[in-house]
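Residue-level listing of the chains:
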Amino acid sequence: MNPGMPHPFDVRLMNFTASMLYAAFIVLLVVAGMWWVLRHPAFAVAGITVQGDVAHNSAVTLRANVAPRLTGNFFTVNLATVRNAFEAVPWVRRAVVRREFPDRLRVQLQEHQAVALWGPESDARMVNSFGEVFEANVGDVEPQDLPRLSGPDGDCAQVLAMYRTLKPMFEPLDLIVEQLSLSSRGSWDVELDTGAVVELGRGTPQEIVARTQRFVQTLTQVTARYGRQAQALLSADLRHGDGYAVRLKGVSTVGADAHKK
């Protein structure tokens with residue numbers, strides 16, 4: 001056969017078929033090799049390194065709780081599943097998981113930092129520093145050191161922000177905000193460490209803050225008229241447009257018109 005002439009069609013078809021079969025064989029061989037490698041016991045996850053916040057959960061306890069939920073080896077384990085398993089542990093807010101060659105997983109944890117209790121006293125939920133509600137064992141903290149906040153769950157961040165604004169406003173009077181609540185109708189109430197209840201009413205955050213500031217700046221003057229200190233406050237109603245009404249220990253109710261600004 002003249003080498004310069006093209007091969008017959010049947011020869012070219014046979015060569016093409018042989019090339020395809022060879023390529024398919026190579027692909028199958030590679031896939032089989034990868035299947036063997038990925039499932040070989042030598043590539044099992046040998047350990048999990050836990051770093052970050054472990055104030056409420058020891059690394060040993062975390063590994064013991066999460067390890068039974070892991071499936072696959074170093075290459076096939078689903079990192080999102082591992083992350084969810086860690087984040088399901090009480091006190092864990094966020095987990096970042098990555099593979100660490102050749103056979104370990106490294107987990108960086110961020111725990112919830114409890115800054116307040118949330119809801120009624122029978123509720124075991126708390127608020128973290130990001131204004132998020134979470135559930136954990138309240139006995140793991142000193143609940144008497146935390147204020148109690150309440151309101152619709154979706155407004156938790158707003159309630160925490162309001163608490164952080166109001167708290168320092170009462171401190172010059174040696175009064176501590178122990179409870180702050182937001183009703184479903186948008187009305188704010190404060191309970192102080194003396195047991196006094198201050199009704200702040202409804203309005204924008206700016207209106208609530210301005211109303212409270214007027215109250216704390218003049219309360220000492222009002223109580224001094226009756227020979228009392230701010231700690232003598234029993235209750236206050238700040239819902240009046242032109243003043244506020246207070247009740248003091250040992251003193252009859254004072255009308256709102258007596259405290260116009």
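Criteria and thresholds
- One numbering rule holds for all chains: residues counted from 1, following each sequence as written.
- Totals for whole chains, interfaces and linings use all residues, but because this is a predicted model, local features are given only for residues with pLDDT of at least 70 and pairs of side-chain atoms are given and counted only at 80 or more.
- The side-chain values count all of the structure's non-hydrogen atoms but skip hydrogen atoms and water molecules.
- Any two strands are treated as partners once DSSP identifies two or more bridges connecting them.
- Secondary structure follows DSSP: runs of H or I at least 4 residues long count as helices, runs of E at least 2 residues long count as strands, and numbering of each begins at the N terminus.
- For helices, the fitted line uses only the C-alpha atoms of the stretch in contact; every axis is such a line through C-alpha atoms, and the angle between N-to-C directions lies from 0 to 180 degrees.
- Contacts: residue pairs with any heavy atoms within 4.5 Å of one another.
- Throughout this description, the term salt bridge denotes a Lys or Arg side-chain nitrogen within 4 Å of a carboxyl oxygen of Asp or Glu.
- Side-chain rings of Phe, Tyr and Trp, where Trp is taken by its six-membered ring, are said to pair if the distance between their centres is within 6.5 Å; with planes under 30 degrees apart they count as stacked, over 60 as edge-to-face, and otherwise as tilted.
- Per-residue accessibility, obtained with a 1.4 Å probe over protein chains only, is compared with the maximum for each type, and a residue is labelled buried under 20%, exposed over 50%, and partly exposed between these values.
- Ring-over charges, as used throughout, are those where CZ of Arg or NZ of Lys falls within 6 Å of the ring centre and within 35 degrees of the ring normal.
- For the purposes of this section, nonpolar cores are sets of buried Ala, Val, Leu, Ile, Met, Phe, Trp, Tyr and Cys residues that join through side-chain atoms within 4.5 Å.

Draft legend 1. A look at the pairing of strand 11 (residues 233-237). Looking at chain direction, strand 10 (residues 197-201) and strand 11 are connected through three bridges and run parallel. Bridge pairing in strand 11 places V197 opposite S235. The pairing of strand 11 with strand 12 (residues 245-248) spans four bridges and is classified as antiparallel. If you follow D237 over to strand 12, its bridge partner there is A245.

Draft legend 2. Representation of the sheet that holds strand 2 (residues 92-100). Here we have three strands laid out as an open sheet, ordered 1-3-2, and mixed in their pairing. Edge strands, defined here as strands with exactly one partner in the open sheet, are strand 1 (47-52) and strand 2. Put simply, the sheet's adjacent strands are angled 25° from each other on average, direction ignored. Inspection of the sheet shows strand 2 paired to strand 3 (residues 104-111) by eight bridges, in the antiparallel sense. Within strand 3, the position partnered with R98 by the bridge is R106. Each of strand 1, strand 2 and strand 3 is contacted by helix 2 (residues 59-66), which is oriented at about 130° to strand 1, the strand it contacts most. Across the sheet, helix 3 (residues 79-87) touches strand 1, strand 2 and strand 3, and the angle it forms with strand 2 is around 145°.

Draft legend 3. How the structure looks around the pattern of salt bridges. Inspection of the entire model under this criterion finds seven salt bridges. R106 serves as the salt-bridge partner of E100, at 2.6 Å between the closest nitrogen and oxygen. In the salt-bridge network here, residues are joined through shared partners; they are D123, R125 and D153.

Draft legend 4. Representation of the packing of aromatic side chains within the structure. Taken as a whole and judged by the stated rule, the model has five aromatic pairs. Each ring, one from F74 and one from F101, has its centre 6.0 Å from the other, and the planes form 75°; the classification is edge-to-face. With F74 in the loop between helix 2 and helix 3 and F101 in the loop between strand 2 and strand 3, this pair connects stretches of sequence that are 27 residues apart. By relative accessible area, which is 4% here, F74 ends up buried. Here F215 and Y244 contribute two aromatic rings whose centre-to-centre distance is 5.0 Å and whose plane-to-plane angle is 85°, an arrangement assigned as edge-to-face. Placement of F215 in helix 5 (residues 205-224) and of Y244 in the loop between strand 11 and strand 12 is noted, with a sequence separation of 29 residues between them. The exposure class assigned to Y244 is buried, which follows from its relative accessible area of 1%. A connected cluster of aromatic rings, assembled from ring pairs, spans F74, F75 and F101. Sitting over the ring of F130, R93 keeps its end group 3.8 Å from the ring centre.

Draft legend 5. Fine view of the nonpolar core. Residues L180, L192, V198, F215, L233 and V246 are the most contacted members of the largest nonpolar core, which totals 37 residues. Breaking this core down by element, the ones donating at least two residues are strand 4 (114-118), helix 4 (156-170), strand 8 (177-182), strand 9 (188-192), strand 10, helix 5, strand 11 and strand 12. Per element, the largest residue contribution to this core is eight residues, and it comes from helix 4. Excluding residues within four positions of it along the chain, L233 makes contact with L192, T194, A196, V198, F215, L219, V246, R247 and L248.

Draft legend 6. Representation of unusual backbone geometry in the model. In this chain, F101 is followed by P102 through a cis amide linkage whose omega measures 15°. Here P102 is to be found in the loop between strand 2 and strand 3. The residue W91 is not glycine, and still its phi comes out positive at about 80°. Within the fold, W91 resides in the loop between helix 3 and strand 2. Judged by its relative accessible area of 2%, W91 falls in the buried class. The phi torsion at D174 lies on the positive side, around 60°, for a residue other than glycine.

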